[in-house]
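Structural overview
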Amino acid sequence: MSGEESATATHDEPDWRTRFGYEQPYEGQADAIETAIETGTDGGYLVMEGACGTGKTMAALTAAGTLLRETDRYDNVLVVTPVKQQRRQFIEDLRAINADLDDPFTGLALVGKPTLCPYERAGAFDRGTQDACEDLRENTAGLVAHDGGGEVWWDSARAGELVAEARTDADSWRTLDDNLSTAGHTAPYPTARPTAPDSLGENDQSYCPFEADWYAREKSVPVAFDDDENHVVTTDELLAGAVPRGTCPHRAMGTLLDDADIVVGNYNHLFDPRTRALTDGVVNDRTFVIVDEAHRLEGRVRDLLSDRVGIQSLRRARNDVSHLRTLAGQSREHREEVATQLATYEVSTDDLHRVSEFFDDAIDWLDRRVERYLDEEYGDLGRAAEQERLPENIEIPLRDPETDEIDEFSVWANEQYSSGFCKSLHTVGAAVADALDTLSPERSTVCGDVGRIVTRWWTRDHASYFREVTLSRTDRSHLEGWERQYTAGLVCYDCLPAEDLRERFSDLGGGVLMSATLEPMDVFRECVGLDRLATDDDEDERPIATRTYDLAYPEQNRASWIVDAPAFTARNRGPPDEESDVRETYAYALRELARSPGNVLLCLPSYREAAWAHDRLAASIEKPVLLDESSSDEATEKLKREFFAGDGKTLVTSTRGTLTEGVDYDGEKLSACAVVGVPLVNVASPRIRAVRRAYGAEFGKECAFEYALTVPAVRRARQAIGRVIRGPEEVGVRALVDERYTPDAPRSVYEYLPPAERDEWRTMTPMFLDSQLQGFWDGHERPDP
């Protein structure tokens, strides 16, 4: 164990042992639990790096459960992880804890609507789940609402009538033979959505009987925590309890949330303003939070808080406004009805004309800006496409990334419309969406979301957020001009998530942030806002403890090598289609590593370089060589199955791809992994340059490149090589191939490896790989049959 001793446990016989799910803790687990308890008791945070096998999930859950039961500081625990496999591990460990408790913790696993909606699961929706579900929910709520002298309440009797109408044993459905069925459970309703009876609805209004049943039960649900023997409710229990009884599984999950001791969700449930609506009522300053895979925090929160509005969305928003104007113009009665709907938001029908003009002008501005850029850069787009000269993605910066200044689009809009008008688009968009939901319920609107995004464009600062136009390749031959080749969008990119993270952690009671790759700890604490949290003058000081627990598995079972080859940079290696001495050196090193017995994972800085390595290896080794490309989840899963099946293979991928993190290569699935180069993002990208400027302004110019680029890149590399050794009996080779991993090289990243790891890594030149690999595997059982 290493790291700052910011807190020291003093418990001689800690109470946590009765809540530890296994017989004995691993080395370091007891210290982690006691440190988390002491820090959490004072409203602080433990930042914990623990290698695979250190038992981080059980340690964090044990500490959280002890704080929940033995102190009066916390009401509940929220676990967030971006990895499905880790989510399952938390659920498994919580069940292990509960198995030996007389008074078990109530646990709930949060999932999204598509996972729980019976109609979506049965393939009955012809559009997005969110939109389809919300429309049905609103229709259902309108049907069961009762207006008693201006006070609206939900009429369970009306809801019961809707449920009875929808049941397949009702007269209206007697000709149907099949009920909706999902996950082995059959609902009492058909797959077709029912329509309201004449006594409750008009114009054959469709509704959701699962939603109606929830109202009929007066918002109680037929699912309980003891439906699982260990009191942890997951998707399986929600579907099994709700679907046969005809109630909404997603509503059941939301209802149970209020009474859950420990909730397991993903990052969105804590950090996404749109998804947090589900948890905001129960997650507060009396919540203990466990943030898993915390090395991803900056990137994930940056993505969640960045906005994009595409040109098609702008057109749809304009059409929403135009449609409402058309409704208002049909007659005097229609105009009065529209005016009444808008009046709630203090929006007039005259405002609609101005907003419609704005969207028209914004679309025209974006169209001209993209056309000008592409014409200057590529000339004839059709010919450039035929010659394969068009990149997949393009950034068009709207300000100098190196300066803090207003962007081109904002300048144009302020001149044409004023800042105050632009800030009002959120209100106008919401008013139009609400009016159309009432007057034209069959229409799916976007004006509310677009108005909210455009308003944020004006209210966010220009130091932390970077505005640009992004283009993504497409192939739409039916369109004209540049839209045959690209889709375009306006992007407001979050360069500096530290302030948002600091505010979020300030709102919580305390917690644990953990990962296998957080070092350097001082950099991590600064970049996620914890250091400022601890020293905020407006609050009592909140302690921040740090701990690092090293890989506990036998060192003799692994070889850890730094291969001292020339830096694998674009300048040194040249393009993939040209030969160079540097490329030949790496081709030799990769060939030797790929010949290692069993499955070998080779991680290159990009998919383009991965394709080069694949082609060189396929022509020079007998073992099958697989190539991972940027593709769908389905294609990636298929590739993994092929890699794991049969005899040993070599898989070549990008270090920044999906196969280097969150995938458990346990057992003999992987015998060697090599990371080629330092996986830095494209430092010439306008948004990355803007990120560097923002980090320099916040943490000091001398730290900008280190904090924003180097440290995340080394964490990526460490995540990749961490795939090899996943258990005490596993054997394998880990290699970092690039001179920059050595201590004395120019632009060395050696200092960003944890101290304990540095002692284990041995440096060699590529020419020694053959003999070293032979010697290592001669001393260990080879994974090949």
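Scroll up for the structure.
Residues numbered from 1 in each chain as written. Predicted model: local features only at pLDDT ≥ 70, side-chain atom pairs only at ≥ 80, totals over all residues. Heavy atoms only, no water.

1. Description of helix α2 (residues 56-70)
With 15 residues, α2 should cover 21 Å at 1.5 Å per step; its first-to-last C-alpha distance of 21 Å lies within 8% of that length. Within α2, 13 of the 15 residues are buried, leaving the element largely enclosed by the surrounding structure. (Helix = DSSP H or I, 4+ residues; strand = E, 2+ residues; numbered from the N terminus. Expected span 1.5 Å × (residues − 1). Buried < 20%, exposed > 50% of the residue type's maximum accessible area, 1.4 Å probe, protein only.)

2. Looking at unusual backbone geometry
Residue P520 is bonded to the preceding E519 through a cis peptide linkage, with omega at -5°. Note that P520 resides in the loop between β15 (510-515) and α22 (521-527). For A183, which is not glycine, the phi dihedral falls at a positive 55°. The topology assignment puts A183 in the loop between β6 (181-182) and β7 (185-186). Located in the positive-phi region is E346, a residue other than glycine, with phi close to 60°. With respect to the helices, strands and loops of the structure, E346 is situated in the loop between α14 (332-343) and α15 (349-378). E346 gets classed as exposed once you look at its relative accessible area, which sits at 76%.

3. Quick look at a negative patch on the surface
Together, E371, D375, E376 and E377 make up a negatively charged patch on the protein surface. Among the structural elements, D375 can be located in helix α15. You can call D375 exposed: its relative accessible area is 52%. (Patch = residues over 30% accessible without salt bridge, like charges linked within 9 Å, V, L, I, M, F, W, Y side chains within 5 Å. Areas by Shrake-Rupley, 256 points an atom, 1.4 Å probe, with all protein chains shown as cover. Salt bridge = Lys/Arg side-chain N within 4 Å of Asp/Glu carboxyl O. Lys, Arg positive; Asp, Glu negative; His and termini not counted. Charge placed at Lys NZ, Arg CZ, Asp CG, Glu CD.)

4. Description of the sheet that holds strand β13 (residues 465-473)
The four strands lie next to each other as β11-β14-β13-β12, forming an open sheet whose pairing is antiparallel. The open sheet has two edge strands with one neighbour each: β11 (307-310) and β12 (393-397). The mean angle between the axes of side-by-side strands here comes to 25°, regardless of whether they run parallel or antiparallel. Two elements, β11 and strand β14 (residues 486-494), share four bridges in a ladder whose sense is antiparallel. Following the sheet pairing, V309 is matched in β14 by L490. Of the strands in this sheet, β11, β13 and β14 are in contact with helix α12 (residues 297-305), which crosses β14 at around 115°. Taken strand by strand, helix α28 (residues 686-699) contacts β12, β13 and β14, and its axis lies near 160° from that of β13. (Pairing = 2+ DSSP bridges. Axes fitted to C-alpha atoms, helices over the stretch in contact; angles between N-to-C directions. Contact = heavy atoms within 4.5 Å.)

Just distances and angles here, no functional claims.
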